[in-house]
Number of protein chains: 2
Amino acid sequence: MLKVISTYEFEKLIESISEVDSEEIDILDSHGRVLSEDIISNINIPGFRRSAVDGYAVKSSNTYMCSETMPAILSFKENIEIGKKPSLELADMECSYVPTGGMIPEGADSVVMLEDVEFLGDEALINKSVSTLENVVAEDEDIKKGKEVILKGTTINSTHIAILISLGITKVKVKRQIKVGIISTGDELLSIEENIEIPKIKDTNGPFLTFASREDGCISTHYGILKDVEEGILSAVKKALSENDIVFLSGGSSAGNKDFSEKTMLALGELMFHGLAVKPGKPTLMAKCEGNKYIVGLPGHPLACTIIYKFVISKLIDKMYGRRANKIEQTLEFGENYHKARGREEYLTVTIKDGIAYPIHAKSSAMSVMAKCDGIVKIDRDVEGLQKGDKVKVMR
Amino acid sequence: MLKVISTYEFEKLIESISEVDSEEIDILDSHGRVLSEDIISNINIPGFRRSAVDGYAVKSSNTYMCSETMPAILSFKENIEIGKKPSLELADMECSYVPTGGMIPEGADSVVMLEDVEFLGDEALINKSVSTLENVVAEDEDIKKGKEVILKGTTINSTHIAILISLGITKVKVKRQIKVGIISTGDELLSIEENIEIPKIKDTNGPFLTFASREDGCISTHYGILKDVEEGILSAVKKALSENDIVFLSGGSSAGNKDFSEKTMLALGELMFHGLAVKPGKPTLMAKCEGNKYIVGLPGHPLACTIIYKFVISKLIDKMYGRRANKIEQTLEFGENYHKARGREEYLTVTIKDGIAYPIHAKSSAMSVMAKCDGIVKIDRDVEGLQKGDKVKVMR
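Model, not experiment: these values are computed from the prediction.

Turning to the domain arrangement of chain A, a few remarks are in order. Residue and element names in this part refer to chain A. The domain architecture assigned to chain A consists of domain 1 (7–20 + 177–321), domain 2 (22–45 + 144–175), domain 3 (50–137) and domain 4 (329–395). The interface of domain 1 with domain 2 comprises four residues on the first partner and five residues on the second. Roughly 470 Å² of surface becomes buried between domain 1 and domain 2 when both sides are summed, with 52% attributable to carbon and sulfur atoms. Three residues, Val 20, Gln 177 and Tyr 321, lead the burial of domain 1 against domain 2; their summed loss comes to 80% of the area buried on that side. There are one salt bridge connecting domain 1 and domain 2. Residues Glu 19 and Lys 175 are paired through a salt bridge, measuring 2.9 Å at the closest nitrogen-oxygen approach. Counting across the interface, domain 1 meets domain 2 through two residue pairs in polar contact (both at pLDDT 80 or more).

So, in structure tokens, the structure goes:
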């Protein structure tokens with residue numbers, strides 16, 4: 001008997017799965033990795049009072065009511081250079097040049113823009129008044145010391161690297177990379193190099209799972225294609241399990257006479273479920289093994305394999321990384337009437353045209369659907385279908 | 001005088017820029033690369049008549065009107081195995097077992113599901129009638145020979161690799177990778193390793209541009225930080241230009257006395273523009289050099305640099321790759337009233353909460369905005385602002 005669960009139950013089931021360990025690495029090696037600590041700023045940013053413009057640092061009170069016809073006349077003290085501390089403090093009726101990003105001298109509380117100042121020898125004629133703090137960036141205006149800046153579970157991208165560097169961080173704690181082993185099974189499968197020979201077909205799930213799990217931040221190895229022979233599969237899975245955190249078995253997951261996935265799992269661990277109540281993707285199964293390791297059997301049908309990996313099984317990887325959700329969800333109008341039988345959740349593939357989501361019609365094809373698919377719409381088990389004009393959530 | 005252009009004019013300007021050359025590589029090396037040929041299928045997929053279920057291949061006419069009480073009685077011929085050709089053609093009143101994905105024998109036109117068949121010795125009792133082609137996948141049902149499957153300009157992902165493999169493709173033509181050199185300029189900049197020393201700041205644009213252009217499929221090298229000295233910058237850019245297709249200069253792009261970017265560009269190529277009429281990001285400039293090479297000066301302000309790279313300058317890379325648009329755009333409700341001055345286009349950073357886009361308020365801060373930013377909303381130059389409840393397009 002298959003132990004079939006819903007995708008909701010799947011999500012409950014993986015809640016208790018432990019996260020992998022962390023390691024500390026150089027910030028420049030952290031791109032694509034999952035942060036395993038909240039980043040709290042140890043410093044104020046910018047860290048000093050900075051000018052927002054090219055101009056003259058002044059006491060704002062000295063510019064009160066001044067204008068082109070009645071300029072304030074201040075004595076010029078120095079050219080402050082960017083990246084250098086001012087050498088002089090400003091006294092009353094004094095000013096210093098400060099470039100954008102330059103440090104405001106002590107005594108000044110505002111900056112008059114370059115174009116509002118004229119010179120008469122060493123005297124600066126200020127043609128426009130400024131108010132307190134005008135054109136001044138406060139020392140903690142960007143980031144305050146003690147502030148949470150990036151949260152644990154974030155997948156580090158180019159922007160995060162810039163932020164981390166600005167905080168003075170050189171090393172960062174991230175989750176170690178999850179190792180994934182992929183085994184394709186099926187007497188009908190051909191490798192990439194083999195010539196097509198009808199009625200065999202190319203193994204596409206093996207390479208798909210390898211690259212898709214790499215896209216999800218794993219170190220992935222494809223162990224190749226195995227024939228549907230029980231002993232061969234068992235020893236191959238055993239080896240892959242010893243070298244990885246997760247083993248994906250593609251094919252051999254329904255209950256036919258040649259489907260050895262369940263037997264393999266029972267031999268190597270504890271079966272968590274056999275069957276997902278979702279169309280497509282019923283023949284999905286999973287076992288828990290020693291040492292927080294997992295074997296997942298995925299459907300042999302390429303479209304089902306793709307959808308189930310992307311929208312269900314990748315959540316296992318996210319859970320083990322403690323990753324914050326990073327799937328993109330978009331609410332769009334549905335473009336057709338679509339009928340579905342009640343009683344089973346459905347992941348409907350859609351293509352998006354001019355902001356409207358249309359179902360992709362295809363009987364049992366796979367590759368052509370995958371080529372056109374812009375995302376999926378989840379239809380709940382008790383819903384009978386969708387109407388043209390309905391608002392739907394498209395996930396990709 | 002700055003030669004300022006709009007972002008629309010920028011897009012026009014890069015239309016005439018040539019694409020980089022192509023190369024042929026192994027399919028397993030193609031992940032993340034840009035396809036430079038349309039992929040037309042040379043074969044039908046699946047390529048043979050395949051069973052959609054586990055069951056018995058029959059002539060549908062032999063099952064006409066049959067039922068449990070009045071089964072059709074067919075003689076069983078063989079067990080067809082998956083991946084193997086049937087050895088026998090079916091004659092009238094015969095059937096053969098065929099598994100899901102197995103090849104339908106000549107003579108059969110449909111498959112009766114396993115559960116609708118009982119056995120009495122060698123005689124199969126068919127309890128349910130089937131119609132022509134029932135449970136049969138036609139040989140060209142998934143992909144027809146001659147069909148366009150994946151278009152030129154597609155960035156190859158895990159799904160595309162699966163599709164390409166299914167077509168029997170082992171090598172694929174892709175654009176060679178664009179090489180990008182990044183030079184940070186500014187007397188105020190500190191490298192990652194240097195201790196923070198006020199009023200200097202960390203160079204974040206250099207690492208950002210390095211990783212962001214890698215995310216866009218380039219081979220990127222950060223040449224480090226240069227002081228604002230004209231000769232040093234000129235020779236560094238010359239070297240970087242000889243080794244790359246594009247050189248990004250961060251900082252030194254406004255018109256202040258220490259801004260050498262324009263001088264450098266005039267010495268090494270032909271200035272295309274100096275100034276983008278968009279907030280933030282005005283101090284952006286670009287030159288065309290010999291051999292389809294480009295120098296781009298980006299704003300020193302980190303937030304401006306990030307936004308201008310992602311939403312403007314990355315289009316140069318897309319153009320050189322001939323890449324199909326892959327930015328994600330989402331129509332959402334705007335959550336506040338937001339005032340903007342007329343006369344300049346604005347790229348407003350927003351954060352998304354519960355499907356509503358809110359502007360991020362921040363005077364001249366950068367890092368904290370970058371940390372919160374979920375995307376941008378373009379506001380046209382002649383628009384004065386946005387109202388709460390407006391529908392806006394969020395790009396990310």
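Additional details are given in the paragraphs that follow.
Another point: the side chain of A:Thr210. Residue and element names in this part refer to chain A. Position of Thr 210 relative to the elements: it lies in helix α3 (residues 205–215). The exposure class assigned to Thr 210 is buried, which follows from its relative accessible area of 4%. A polar atom in the side chain of Thr 210 sits 2.7 Å from the backbone oxygen of Gly 206. Ignoring anything within four residues of it in the chain, the contact list for Thr 210 reads Ile 182, Ser 220 and His 222.

We now examine the packing of aromatic side chains. Aromatic rings in a pair are described by how distant their centres are and how their planes are angled relative to each other. Summed over the entire model, instances satisfying the criterion amount to 14 aromatic pairs over all chains. Summarising the aromatic geometry, the rings of A:Tyr56 and A:Tyr97 are spaced 5.5 Å apart at their centres and angled 70° between planes, so their arrangement reads as edge-to-face. In this pair, A:Tyr56 is assigned in strand β4 (residues 55–58) and A:Tyr97 in strand β6 (residues 94–98), connecting sequence segments 41 residues apart. In this pair, the class of A:Tyr56 matches that of A:Tyr97, namely buried. Relative to B:Phe273, the ring of B:Phe10 has its centre 5.8 Å away and its plane inclined at 85°; by these criteria the two rings are edge-to-face. Residue B:Phe10 is located in helix α1 (residues 7–14), and its partner B:Phe273 is located in strand β18 (residues 270–274); the two are separated by 263 residues in the primary sequence. Given the relative accessible area of 0%, B:Phe273 is considered buried. Against the face of A:Phe211 rests A:Arg214, its NZ or CZ located 5.1 Å from the ring centre.

A word on the sheet that holds strand β5 (residues 72–79) of chain B. All names here are of chain B. Here six strands make up an open sheet; going across it, the order is β7-β4-β6-β5-β9-β8 and the pairing mixed. This sheet does not close on itself; its edge strands, each paired only once, are β7 (110–113) and β8 (117–120). Neighbour-to-neighbour, the strand axes of the sheet open up by a mean angle of 40°, direction not taken into account. Relative to strand β6 (residues 94–98), strand β4 (residues 55–58) runs antiparallel, the two being bridged by three bridges. Looking at the pairing, Ala 57 lines up with Ser 96 of β6.

What follows deals with the relation of the copies chain A and chain B. Of the two same-sequence chains, chain A is brought onto chain B (RMSD 0.1 Å, axial shift 0.0 Å) by a rotation of 180°. The two molecules are tied by a two-fold rotation axis, judged by turn and shift. Across chain A, the rotation axis passes nearest the C-alpha of A:Gln330, at a separation of 3.4 Å. The overlap is high: 100% of the interface residues of chain A also sit at the interface in chain B, so the same surface is used on both sides.

Cut-offs and rules
- Residues numbered from 1 in each chain as written.
- Chains lettered and ligands numbered in written order.
- Predicted model: local features only at pLDDT ≥ 70, side-chain atom pairs only at ≥ 80, totals over all residues.
- Heavy atoms only, no water.
- Domains from an automatic or database assignment.
- Contact = heavy atoms within 4.5 Å.
- Buried area = accessible area lost by both parts, 1.4 Å probe.
- Salt bridge = Lys/Arg side-chain N within 4 Å of Asp/Glu carboxyl O.
- Polar contact = N/O pair within 3.5 Å; in protein donor to acceptor, adjacent residues only side chain to side chain.
- Helix = DSSP H or I, 4+ residues; strand = E, 2+ residues; numbered from the N terminus.
- Buried < 20%, exposed > 50% of the residue type's maximum accessible area, 1.4 Å probe, protein only.
- Phe/Tyr/Trp six-rings, centres within 6.5 Å; stacked < 30°, edge-to-face > 60°.
- Lys NZ or Arg CZ within 6 Å of the ring centre and 35° of its normal.
- Pairing = 2+ DSSP bridges.
- Axes fitted to C-alpha atoms, helices over the stretch in contact; angles between N-to-C directions.
- Least-squares fit on C-alpha atoms with pLDDT ≥ 70 in both.

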